[in-house]
Each structure stands twice: as C-alpha cells, then as structure tokens.
Amino acid sequence: MPLASLGSLPRKLVRYVIVGRPVDDASGESCAICTFDLKDEGMYDDDGDTGRTWSSLIDCGHTFHGKCLEELTAKFSDHIRCPYCKMIYGEIVGTQPKNGNMKTWTDNNIALPGFPAGTKTIVVQYSFKNGVQGPEHPNPGT
Ligand SMILES: [Zn+2]
Ligand SMILES: [Zn+2]
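Residues numbered from 1 in each chain as written. Chains lettered and ligands numbered in written order. Predicted model: local features only at pLDDT ≥ 70, side-chain atom pairs only at ≥ 80, totals over all residues.

Our next topic: the nonpolar core. Of all hydrophobic cores here, the largest spans 14 residues; its most connected members are Cys31, Ile33, Phe64, Cys68 and Leu69. Looking at this core, the elements with two or more residues in it are β2 (54–57) and α2 (66–74). (Core = buried A, V, L, I, M, F, W, Y, C linked by C-beta atoms within 7 Å. Buried ≥ 20, exposed ≤ 12 C-beta atoms within 10 Å, placed from the backbone. Helix = DSSP H or I, 4+ residues; strand = E, 2+ residues; numbered from the N terminus.)

So, in structure tokens, the structure goes:
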C-alpha cells in the first residue's frame, strides 16, 4: 500500500504526523483544511479512491485528508500549525537578531506594584549589538 504522503513531508515534520490512516467511511467529520467530509475526497485529491488516506497530528489528533496536510506542510519546512485548534508542532524560527544576549537575575530592591514589600523581582534584560538586517527582516541591508 503506497504511502505517497510520507516522502513529501519535510523531514523535521514527519514525527508530528501519523500518515496513512485508513479512511473510515462511517466518519462524519470534515477536514479542517478543505472543509470537505473526510470520507469524501479532499480538495487536493485527484486520483480517485486509490491511495486515499488520512493524516492525523499526533498530539491533538485532528485528522485531515492526506493530500491536504501535504499541501499545508509544503508551505512550511519547520513547523505545522493545526488549522483546527492552532496547536503548533515543530519550531517557529523568528526574526530576532542572532547576536543578542539575555540575562536574568533576581533583584531584592525592585518592587513591582501589587506585590508586598520585600518580594523579589525577576529581571530579564536583553542586549543587542548594532547590526545589519538579514534577509528574514523587513529592511534587509539597513
Ligand atoms: Zn481536506
Ligand atoms: Zn488540532
């Protein structure tokens, strides 16, 4: 039985997905990606009934047409966000500068409003050197 979707999932995402679940014709659920019934073909299915499978996300268990999940993962190589419950699988790479530092410490002399006197305060300090924006930033090269 061919698991066509397995090979096309980005490697980092394979472990978050159960690929190739058999189709249960009794299911009344619909696919959160294309909104068609799961027991019917999905929006991206083009080859009739042969090889049609479902894929599920491992933690939330939401199920989609195999092809629909492939389409979703094709856009992102490092994470998937479940379109149904918004749970995030994988790692989102942000656009923070790469040369920053984060320091944390506890300061006994700073009191935040709403806390009794003498409460220790956790201080988080970020420091970034001046630099040039990279391709992932809004104004590269400046
Ligand atoms: Zn679908
Ligand atoms: Zn979900």
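A separate point is the domain arrangement of the chain. Once the domains are mapped, the chain shows domain 1 (6–90) and domain 2 (96–142). Inter-centroid distance (C-alpha atoms) of domain 1 to domain 2 is 39 Å. (Domains from an automatic or database assignment.)

Pairing is antiparallel in the open sheet, where three strands are placed in the order β1-β2-β3. In this open sheet, the two strands that pair with only one neighbour each are β1 (17–21) and β3 (63–65). Between one strand axis and the next, the sheet turns by 25 degrees as a mean value, whatever way the strands run. Both β1 and β2 contribute to a ladder of four bridges, which runs antiparallel. Each residue of the ladder has a partner; that of Ile18, found in β2, is Ser56. (Pairing = 2+ DSSP bridges. Axes fitted to C-alpha atoms, helices over the stretch in contact; angles between N-to-C directions.)

The side chains of a regular strand alternate between the sheet's two faces. Across the seven residues of strand β6 (residues 101–107), zero count as buried, placing the element largely on the outside. Looking at chain direction, β6 and strand β7 (residues 121–127) are connected through seven bridges and run antiparallel. By the bridge assignment, Asn101 is partnered in β7 with Ser127.

Inspection of the secondary structure assignment puts Tyr16 in the loop between α1 (4–8) and β1. Look at Tyr16 and you get partly exposed, because 19 C-beta atoms sit within 10 Å. It is 34 Å that separates the C-alpha atoms of Tyr16 and Gln125, two residues lying 109 residues apart in sequence. Setting aside residues no more than four positions away along its own chain, Tyr16 makes contact with Leu57, Ile58, Ile80, Tyr89 and Gly90. (Contact = placed C-beta atoms within 7 Å.)

Further remarks concern the confidence of the model for the chain. With 91% of its residues at a pLDDT of 70 or more, the chain shows a mean pLDDT of 82. No element of the chain has a lower mean pLDDT than α1, which averages 50, and none a higher one than β3, which averages 92. The low-confidence segment residues 1–6 (pLDDT under 50) makes 12 contacts with residues lying over four places distant or belonging to another chain. (pLDDT = per-residue confidence, 0-100.)

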